[in-house]
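In case you want the letters, here they are:
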Amino acid sequence: MALKIVKGSIDRMFDKNLQDLVRGIRNHKEDEAKYISTCIDEIKQELKQDNIAVKANAVCKLTYLQMLGYDVSWAAFNIVEVMSSSKFTYKRIGYLAASQCFHESTDVIMLTTNQIRKDLSSPNQYDTGVALTGLSCFVTPDLARDLANDIMTLMSHTKPYIRKKAVLIMYKVFLKYPESLRPAFPRLKEKLEDPDPGVQSAAVNVICELARRNPKNYLSLAPLFFKLMTSSTNNWVLIKIIKLFGALTPLEPRLVYSCVHVVKYLGLLAMSKILKTHPKSVQSHKDLILQCLDDKDESIRLRALDLLYGMVSKKNLMEIVKKLMLHVDKAEGTTYRDELLTKIIDICSQSNYQYITNFEWYISILVELTRLEGTRHGHLIASQMLDVAIRVKAIRAFAVAQMATLLDNAHLLTGNMQRNGICEVLYAAAWICGEFSEHLENPMQTLEAMLRPKVATLPGHIQAVYVQNAAKLFATVLKSQEGNTDSTAAQETSQLMIDRLPLFVQSANLEVQERASCILQLVKYIQKLQQKDVEIAEEVNALFAGELNPVAPKAQKKVPVPEGLDLDAWINEPPSESESEDEQPKAIFAKEEPKHSRPRHTEVDEKELARRREARKQEQANNPFYIKASPSSQKAVYYKSHKHKIFPPCVLSFFTGLPMSDQYVKLEEERRQKERAEKKKKEKKKRKEKRSGRGKKHDSGPESEEDITPAHQVDIVTEEMPEVNSLDILYFKKSSKHKKKKQKKEKEEKEKKKKKKHHHHHHHSDGGGEESVQNGTVEEEEPLPVSVYQSSARHSVYDIQGNLQDGSQVVVSVIFENKGDSFLKSMEFNVLDSLNSKLQRPDGSGPHDGLTVPFQLPPGVSNEARFVFTVQSIIMPQKLKGTLTFIVKDSSTHEKLDFKLHFTCTSYLITTPCYSDAFAKLLESGDLKGSSVRLEGVNMPFHHLLARICFHHHFSVVERIDSCASMYSRSIQGHHVCLLVKTSGQTVSIDAKCDEPTLLGNVLDEIKQTFSQC
Amino acid sequence: MMRFLLLFSRQGKLRLQKWFTPMSEREKKKIIRDMTTMVLSRQPRSCNFLHWKDLKIIYKRYASLYFCLAIENQENELLALEVIHRYVELLDKYFGNVCELDIIFNFEKAYFILDEFLMGGEIQETSKQIVNRCIESSDMLQETMEEYMSKPAF
């Protein structure tokens, strides 16, 4: 007997364990079946032994073989043996094997009932755990019936580990033995409110499954689930509950509202993510999102607002803002109302007012916003008013009229000094009325409004503006009155000034005082002259002559530093540190803070100074407002105090002279309709002109974004200003389409060229007719013989522009100008296609047919036509030959003009801004291939050089440090082009990287060419 | 509920199978064959969801291993995808940077982890910490085969 045991233990040393088996199988790839059959034989031997450990090892190996597809059902009894081991190690393996191998027709399962029951009541929770896990896989109706009670007891076990397993397995039991459901259900329901989240989610899962099978029995649980849904933070559970509601809603529609809440929030969140990549698809749900603004839940409303910001377009801006305005009126609580206000302004002003087509509308929106009670964003509205009035010239007359009404009604805004947040608007109103006073209909009335005694109650910085602009108005009034024969009117005006100004001279505010006394003296002097009948208006007006122009924030950088000026040198010796620290940056609209004049001790020793400095630094570090532009400690107090006040809901429509912004929505709609109609008319005409069978597929469906032409345009001061030598600022008209760069080649008629300059900004020094080939030039191969029809000499300018939406489309805009004095008609534009580039022709026309230019040209007229080309590969530049045929009306002769279109690689690049971190990441990615080029003898300042690359080659500057700059651009097919430009002396080196080396090479060549011509 | 979870290699070798409803060997074999051929024939950049009979098959590839989970029609696909990912995270946590070989050689451990995470075709525990804690304490109870080998049998 002893010998047998010893032998057994020695044998075991040579037993294969699972790892050996796996390794063996992997080593016998060729004769796997044979190897496994020997293994199975071994396993059979092992199973015959008494030692439970050996058996467990064998069963473990069998489980593996079962997975490989071998039949192990013969070992079912051995598996039960291992399951019944008292040791967890073996029990675990036994149950695993059972769960993998047993199914309902396995007969030994019947033998396990008692064993499982024993394990379920084991004091060791893990014994119970494995039993439950195993059971979940092979539970039969018999087992379910016999064990239902035991499992039900386990649902109230002290250990959550057991409880959750018991709850889950209950579902299986219900399926196999439905009678158990009724007694177990109350307990299951109880588990929904179990303190342990695991048990809770298990109960949710089970009930969800049950409800799906028979929803109407579970309706009563809806309130409980709703509570769970609002309180649970577990997303897994939330999804399940939403699914459950999905099953219940057909029976109880009211439920939709409750779960809609959570889903809505999630949906809005998801939409805002989608919006970044697919704006179009989100825009179609605009109405839905607008509805969310009505939601009771503030977090949903704020989310919806965020979304709206991203989805406005020219088409829907007015509508969206109109809805928002309604909400502003309805909104309760100043915080949300302020949030709405800032959002409206953000939405309208984003990307340089890109989406505003009618600025009259915008001004009236701003004016309507001033009626808001207790907002603290008065300064925001004010700065918008100023910005728009200054930059949109066409709007000034309207803006001034509105502002004058505002000034007239100023008492309504400032009636309650507590809500003086809004009176900041008066700052803008006063300035606009003063600066653009020539547009005022009744300047005298406005002047009186500005000199009312009530003004003295306004904050100091606003009073100062009032005083200064009253003077400007005074000048305007004088001018109009002096023209009259009656000189008393002018004198009365001066008297008014002299009467009212002393009020401001007494002001506690230094700025107001100074300006007022200055102007008072001036007016007194004027009055003296008036009494001597001297015409003075001209001179007074000269005081305020000249227009203030906006300057781009970075324009200063473009101004070259004059020679001999060292900007870093001190003009005066630097003041001591302690003094400079006192000065804080002040924003325009900063609240006035009473300046306590600090008594200065002149004789303080060094130590004392250092100590104080330390103390001050400490104080500043603790003051959260210190670095802010507006020192707002005072503000904070003020807002607190005004929160306690209860204001009546918005006072509406007390201004009489102001148009409602709504009417613009209507007007705009009409305007667009008219435009559309006109366009259709034109199209119809075009179609008539075309020969039959050439019907163009202009879709007259919904207007696209590009179709909407703005009623007003903003002057935009761009940062990329090519070749600005002094402070001259160039304005680019930003059209609704892409920014267009026109460049032309002149071959004839120099005087006419000058005329054109007004229309197209021409950035070349075009001395001597040297033309450059950056974007593309028309090369007329044979200039028309002068003798024959010089009258029909024509002139074209063209611009090649990639289409961002479609990586293979390029739009060529050609400007035809008739420089002769004959009428030109029936123009046909034709290009000889190459393999790579093809002119897009309407369906049904042959590959060599020309395209009819959709207009005729009377003498001296120019017009633009656009042609679309499809381009396969954009990595090589290309020249296409083409001809233009036309009929000269007077002589009815056919004329022909040859030209060449030069598709440079640069014309496939699109100026794309890039942030420096994204740029760095791009370079790090290692996908880009490098190349470099050196330019010798470039004699121009570095910023000119950069501007030139930006302008001609569609790059944008990412970062510039001294004489080194990184630049970025993207091709229409998404190639990244990165440049590193360095200059030293007259040598410029450009290191470039791009994912397409050929494209890069060509772009660099073109850059080189640009600079070789200068 | 979930019906089954299969793990197989790119060559179609089964690495783990879990059936949440009892099924005969023949059915299992047929399903495994269908799944491997269906999933392996998918193009690399196609979506992770398939319809198969009345079930939805959600699969995801991690390195050389395909995780393939069958759910009932009314279940949420994304949740299933998340279940797969959570299981991978659990394996990763347990084995420390899990690879296919870990699962081959310790296939019973992979099952034990799965049994703590899912049960009866439902999610049992969503907390990674709790699952890990349970596995650790069960492992403490289980003496390793090596320990057993070096212990005298009497």
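Since we're looking at a predicted model, the values are computed, not measured.

### Comments concerning the overall build of chain A
Along the backbone of chain A there are 39 helices and 16 strands. Within chain A, buried positions represent 49% of all 1014 residues. For chain A, the share of sequence-separated contacts (at least 6 apart) that also reach a separation of at least 24 residues comes to 69%. When the accessible area of chain A is evaluated, it comes to approximately 50,900 Å², of which 53% is carbon and sulfur surface.

### What to know about the interface of chain A and chain B
Across the boundary between the two partners, chain A contributes 55 residues, which contact 58 residues of chain B. At the boundary of chain A with chain B, total buried surface from both sides reaches about 5,500 Å², with 58% on carbon and sulfur atoms. Here chain A is connected to chain B by six salt bridges. For K165 of chain A, the salt bridge identified is with E116 of chain B, shortest N-O distance 3.6 Å. Applying the counting rule to chain A against chain B returns 18 residue pairs in polar contact (both at pLDDT 80 or more). For the side of chain A that touches chain B, the elements supplying multiple residues, two or more each, are α1 (2-14), α2 (18-27), α4 (52-67), α6 (88-101), α8 (125-138), α10 (160-176), α12 (197-213) and α14 (235-248) of chain A.

### Digging into the sheet that holds strand β10 (residues 893-903) of chain A
Residues and elements named next belong to chain A. Taken together, four strands build an open sheet; the order of strands is β7-β5-β9-β10 and the sheet is antiparallel. Edge strands, defined here as strands with exactly one partner in the open sheet, are β7 (851-852) and β10. Across two bridges, strand β5 (residues 824-831) lies against β7 in antiparallel orientation. By the bridge assignment for β7, E828 is matched with T852.

### Here's the deal with the environment of P858 of chain A
All names here are of chain A. Note on placement: P858 falls in the loop between β7 and β8 (862-871). Measuring from C-alpha to C-alpha, the distance between P858 and K889 comes to 9.6 Å, with 31 residues separating the pair along the chain. Sequence-distant contacts of P858, that is, excluding residues within four places in its chain, are made with N818 and F823.

### A word on the nonpolar core
Counting 147 residues, the largest nonpolar core has F102, F138 and F225 of chain A together with Y87 of chain B as the members making the most contacts within it. Shared between two domains, this core takes at least three residues from each, and those domains are domain 1 (1-101) and domain 2 (125-260) of chain A. What F102 of chain A contacts, discounting residues up to four positions off in sequence, is A76, I79, V80, M83, A97, V108, I109 and F138 of chain A. Within the second largest apolar cluster, 105 residues are counted, among which are L324, L340, L369 and A410 of chain A.

### A word on the side chain of T140 of chain A
All names here are of chain A. You can see T140 is positioned in the loop between α8 and α9 (141-154). The class of T140 is buried, set by a relative accessible area of 9%. Ignoring any residue separated from it by four or fewer positions in sequence, one finds T140 in contact with E104, I109 and K176.

### Focus on the packing of helix α20 (residues 334-353) of chain A against helix α21 (residues 359-369) of chain A
Packed helix pairs are characterised by how far apart their axes lie and by the angle those axes make with each other. All names here are of chain A. At their nearest, the axes of α20 and α21 sit 11 Å apart, and the two run at 155 degrees to each other. Comparing their axes, α21 and α20 come out roughly antiparallel. In this structure, the crossing between α20 and α21 has a hand that is left-handed. Facing L341, I344, I345, C348, S349 and Y353 of α20, the residues of α21 in contact are F359, W361, Y362, I365, L366 and L369. For the contact of α20 with α21, a count of residues per class yields 11 nonpolar, one polar and no charged.

### Topic: the pairing of β8 of chain A
Each regular strand carries side chains that alternate between the two faces of the sheet. Residue and element names in this part refer to chain A. Sheet analysis places strand β4 (residues 809-818) next to β8, joined by nine bridges and oriented antiparallel. Counted as the bridge partner of F816 is N863 from β8. As defined by bridge partners, strand β6 (residues 837-839) adjoins β8 across three bridges and the pair is classed as antiparallel. Bridged to S837 within β8 is V871.

### Observations regarding a nonpolar patch on the surface
A contiguous nonpolar surface patch, about 290 Å² in accessible area, is contributed by V561, L565 and L567 of chain A. Residue position: V561 of chain A is located in the loop between α31 (555-558) and α32 (577-582).

### Examining helix α2 (residues 77-95) of chain B
All names here are of chain B. Helix length check: α2 (19 residues) gives 27 Å between terminal C-alpha atoms against 27 Å at 1.5 Å per residue, within 8%. Those residues of α2 not exposed but buried are L79, A80, L81, V83, I84, R86, Y87, V88, L90, L91 and F95. Regarding α2, its N-cap is N76, as a side-chain oxygen of that residue lies 2.7 Å from the backbone nitrogen of L78 further along.

### Focus on the packing of aromatic side chains
Under the counting rule described, the total for this entry stands at 19 aromatic pairs over all chains. The interplanar angle of 80 degrees and the centroid separation of 5.1 Å between the aromatic rings of Y64 of chain A and F107 of chain B together place this pair among those described as edge-to-face. Of the two residues, Y64 of chain A sits in helix α4 while F107 of chain B sits in helix α4 (residues 107-117), which places them in two different chains. Of the two residues examined, Y64 of chain A and F107 of chain B, each falls in the buried class. By the ring-pair criterion, three or more aromatic residues cluster together here, those being Y353, F359, W361 and Y362 of chain A.

Rules behind the numbers
- Residues numbered from 1 in each chain as written.
- Chains lettered and ligands numbered in written order.
- Predicted model: local features only at pLDDT ≥ 70, side-chain atom pairs only at ≥ 80, totals over all residues.
- Heavy atoms only, no water.
- Helix = DSSP H or I, 4+ residues; strand = E, 2+ residues; numbered from the N terminus.
- Buried < 20%, exposed > 50% of the residue type's maximum accessible area, 1.4 Å probe, protein only.
- Contact = heavy atoms within 4.5 Å.
- Areas by Shrake-Rupley, 256 points an atom, 1.4 Å probe, with all protein chains shown as cover.
- Buried area = accessible area lost by both parts, 1.4 Å probe.
- Salt bridge = Lys/Arg side-chain N within 4 Å of Asp/Glu carboxyl O.
- Polar contact = N/O pair within 3.5 Å; in protein donor to acceptor, adjacent residues only side chain to side chain.
- Pairing = 2+ DSSP bridges.
- Core = buried A, V, L, I, M, F, W, Y, C linked by side-chain atoms within 4.5 Å.
- Domains from an automatic or database assignment.
- Axes fitted to C-alpha atoms, helices over the stretch in contact; angles between N-to-C directions.
- Parallel < 35°, antiparallel > 145°, perpendicular 65-115°, else oblique.
- Left-handed = near helix turned anticlockwise from the far one by under 90°.
- Nonpolar A, V, L, I, M, F, W, Y, C, P; charged D, E, K, R; others polar.
- Patch = residues over 30% accessible without salt bridge, like charges linked within 9 Å, V, L, I, M, F, W, Y side chains within 5 Å.
- Expected span 1.5 Å × (residues − 1).
- Phe/Tyr/Trp six-rings, centres within 6.5 Å; stacked < 30°, edge-to-face > 60°.

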